[in-house]
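Residue-level structural notes
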Amino acid sequence: MKDDLKVGVFLCECGGNISDTIDLEKVKESLDVEFIGQFVNLCSLNGRKLIRDAIFDHGLDRIVIAACSPISHEKTFQDYIKPLNPYLMDMANIREQCSWVHSDKDRATHKAITLINASIEKIKQSDAVDPIYCQTPKEVAVIGGGIAGMNAALSLAKQGTKVTLIEQSPSIGGQMAKIGKVFSPVKIAEECGMCLLNPILNELVWNENIEVLTNTKVIEAERRGGTYNLILEKSPRYVDVEKCIGCGKCAEVCEIEVPDDWNDNLSMRKAIYRPFGQSYPEAYVIDMDNCSKCGDCFRQCNMKAIRLKSKSERIPLQVGSIIVATGHQLFDMDKRPEYGYNRYDDVITQSELGRITGVNGPTKGKLLKANGEVPKRVVMIQCVGSRDEKPDGHRYCSKICCTVALKNANIIKHKYPDTDVLICYTDIRTPGMFEKYYKHTQENEVRFLRGRPGEVVKKGDNFIVRTEDTIKGEFVEIEADMVVLSTAMEPSQGTKEIAEILNVGTTEDGFIKESHPKIKPVATDVQGIFVCGTAHDPKDITDSIMQGIAAASKVSEYNYGGVEIEPFIAEIDREKCILCGECVKRCNYKSMNIQDDEVYINPMSCNGCGKCLIGCNQRAITINGNIDEKITSTIKGVLSKKREGQRMILVFLDNIGYTAADNIGVNRLSYPDSIHIIKVISVNRVRPRHIQYALENGADGLFIGEFPGDLMYGEVERKIQNVKDRIAELGENPERITFSKVYIPYYSGLARKFIEFDKKIAELDEAK
């Protein structure tokens, strides 16, 4: 390393996202580098020219970009610093870790200075290294067999990609299969949902590149390099799909009847059943939770298809990428008892109204009250659970409730012109072409009242809907025979579970979070995992299909272009290596093996954790990129800017933990400005000597975070405990060091841990 390296620092205002909070003039005054410049939007195309010109004009050797998160734009700026090597650039994250989490301008500015100074010291230790390009397996798992997942799978299969479609329920089709009719804003008409779904379903079923697994869910996931190893659990169907011909004789003899969830429990089905007429696979399934095990179905089946002793099986699946399409669920009406949903039979949801008006529904399409009469007055209540700031409500708009209410109101008016339909709304939201449909609904004599009802009560044979007409400014009581509730869309239980298993980020509302809402709308925080449909956020069928196809397109790009791997992996000195195999035994990631009398390292699975270094007595292994020196220099850079009396806590996080920390800023949560985050390729690379160095040079506390699913988790935990024991022997307080689990979805929990640890360190300081 040269002693006279010329470092250039480029400060980005990020259109005010940074400069509104951080005093960049003060930052410039505090740094001692060859060049320092301030720019409005450094990631713009013009930014590329500005950076390159400065490199040539000032002869810069190393570059620091003080801007947003490297998770968002590291690749952009690595490209912008050409002709320099891409790894001679480092990013100081002064947006997600300063301006978005700290409101005090002076403190945020000083923290920005420390982070930039840390990057300056770190980049001085960097050498020019080349990235590694690898191909991932082209097989894809699509999790969720609704309309979004089906279209994603079909698009990939038509491009020649092998797809495994994993559906938790006994049939694919999702919510669209039960929706009854869909509406077309262009045609101003309602069309049969199944008629639109069936061609897609048939095309998917007959595509040789798609394997459909129903009654199946993902229970474990592990990523090695660019490959995902999934463990699936396939629940027994108790009916052999190859032998069952769907004759239905088994259901005829079954005496057990339970509410039919496909009909929103408005009708009954047998314990052995088909979910719906066009369901796939075209075979019956036994609901063993309600089966009496009488054996009548077994004796009745001429095809010998009943398998009452079937058991669950676990299926390993290896894929290169994953599309999450796990859908949504509807708001639990137990949380809004004021509307009487669970007290009165004729207070129903829009979903139930869709089943009632569907020709394959419980009444064959006839709108009937519980007593069998056609309602003369129907009142619909919008925003039940959406745009709702009461406890357990959702502040977001569910997007489709207004248009769903318009559709069902029009269906009622078409079939029963004499029935009065009144929609009580907060705001009618019908973007784009749906505005024409709204006008059509008004012309169809559907009435509208602006006001959110407070309660629904029964008075004699009538319902009384009590609300305020917010346009007239008066309270009104509306009589109704039937009340229909437009309930909020929520992330499904399956969405919550798969987010945790795959460790992908979620929004504060629990939907799968996209990597960037504008430029990466279907990518998640985790490379190779994509999202589509209502697992992402509330949306209608059209948007779900478009997003499913978009996700398939991004997977194809991913498969075609391969994966660029950071080169900070293990390297073997062949002359020193004696082929003892100790490194092969120690590698938790199984990235090493001996081939042709040489130790071969798989770059896709090596993550540079450095465990192999410890067992190599010949010192024949190194990790590319001067990692140890960079960590020491980063610590030095942070602590050298410590103010008198200032509390400084260093937080070491790998890519997963760093993404979780980014999400704290993205969601505008906050944590103490004592927290200074240092990104490392593996927390196992944080050596005892780094911890000791930090404590000796002014760090008040050290926080090491690790994802529990990482193969090194147990060893890192033991190592940190050993370090704490050693620290205690030296007379220091081991409580100044903490080891914590970190998950991407639980970024708010990480923020709380930062706050709690800062408080603990403050108490230790006061007790000294």
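Relevant structure appears above.
Residues numbered from 1 in each chain as written. Predicted model: local features only at pLDDT ≥ 70, side-chain atom pairs only at ≥ 80, totals over all residues. Heavy atoms only, no water.

**Describing the sheet that holds strand E23 (residues 447-450)**
Spatially, five strands are ordered E20-E27-E21-E22-E23 in an open sheet, and the strand pairing comes out parallel. One side of each edge strand has no neighbouring strand; the edge strands of this open sheet are strand E20 (347-349) and E23. Going from strand to strand, the sheet's axes swing by 25 degrees on average, the running direction of each strand aside. Sheet topology note: the strand E21 (residues 377-384)/strand E22 (residues 420-425) ladder contains five bridges and is parallel. Of the residues in E22, the one forming a bridge with Met380 is Ile423. Sheet strands touched by helix H10 (residues 350-357): E20, E21 and strand E27 (482-487). Its angle to E20, the strand with the most contacts, is close to 90 degrees. (Pairing = 2+ DSSP bridges. Helix = DSSP H or I, 4+ residues; strand = E, 2+ residues; numbered from the N terminus. Axes fitted to C-alpha atoms, helices over the stretch in contact; angles between N-to-C directions. Contact = heavy atoms within 4.5 Å.)

**Re unusual backbone geometry**
In this model, Lys82 is joined to Pro83 through a cis peptide bond whose omega is 20 degrees. Assignment of secondary structure puts Pro83 in the loop between helix H3 (70-80) and strand E4 (89-93). For the peptide bond that leads from Tyr280 to Pro281, omega is 5 degrees, which places it in the cis range. Within the secondary structure, Pro281 sits in the loop between strand E15 (272-273) and strand E16 (285-286). The phi dihedral of Asp597 is positive, around 60 degrees, even though this residue is not glycine.

**Some thoughts on the packing of helix H17 (residues 627-639) against helix H19 (residues 688-696)**
Running from amino to carboxyl end, H17 crosses H19 at an angle of 15 degrees, the nearest separation of the two axes being 10 Å. In terms of their interaxial angle, H17 and H19 are classed as roughly parallel. Here the hand of the crossing between H17 and H19 comes out right-handed. In contact with Asp628, Ile631, Thr632, Ile635, Lys636 and Leu639 of H17, H19 contributes Arg689, His690, Tyr693 and Ala694. (Parallel < 35°, antiparallel > 145°, perpendicular 65-115°, else oblique. Left-handed = near helix turned anticlockwise from the far one by under 90°.)

**Digging into helix H13 (residues 493-502)**
What H13 keeps buried is the set Gly494, Thr495, Ile498, Ala499 and Leu502. With its buried residues spanning 135 degrees around the axis, H13 presents them on a single face. Contact partners of the buried residues in H13: strand E6 (140-143), strand E11 (216-224), strand E12 (227-234), strand E18 (321-324), strand E28 (489-491) and strand E29 (529-531). Asn503, located one to two residues past H13, shows a positive phi value of around 60 degrees. (Buried < 20%, exposed > 50% of the residue type's maximum accessible area, 1.4 Å probe, protein only. Arc of directions from axis to C-beta.)

**Notes on the sheet that holds E18**
Spatial strand order, E10-E7-E6-E18-E29: five strands in an open sheet with parallel pairing. Looking at strand neighbours, the two that pair on one side only are strand E10 (210-213) and E29, the edges of this open sheet. With direction set aside, neighbouring strand axes in the sheet form an average angle of 20 degrees. As paired elements, strand E7 (residues 163-166) and E10 share four bridges and run parallel to each other. Among the inter-strand pairings, Ile166 is bridged to a residue of E10, identified as Leu213. Sitting on the sheet, H13 is in contact with E6, E18 and E29, with an inclination near 155 degrees to E18.

**Things to note about the packing of aromatic side chains**
For the structure shown, the criterion picks out 18 aromatic pairs. Here Phe10 and Phe39 contribute two aromatic rings whose centre-to-centre distance is 6.0 Å and whose plane-to-plane angle is 25 degrees, an arrangement assigned as stacked. Of this pair, Phe10 sits in strand E1 (residues 7-12) while Phe39 sits in strand E2 (residues 35-39), and the two are 29 residues apart along the sequence. The residues Phe10 and Phe39 share a single accessibility class, namely buried. Note on Phe703 and Phe754: the rings are 5.2 Å apart at their centroids and 75 degrees apart in plane angle, and the pair reads as edge-to-face. Residue Phe703 is found in strand E37 (residues 701-706), and its partner Phe754 is found in helix H21 (residues 747-767); the two are separated by 51 residues along the sequence. Residues Phe703 and Phe754 agree in their burial class; the two are buried. (Phe/Tyr/Trp six-rings, centres within 6.5 Å; stacked < 30°, edge-to-face > 60°.)

Functional significance is not addressed by these values, which are geometric in nature.
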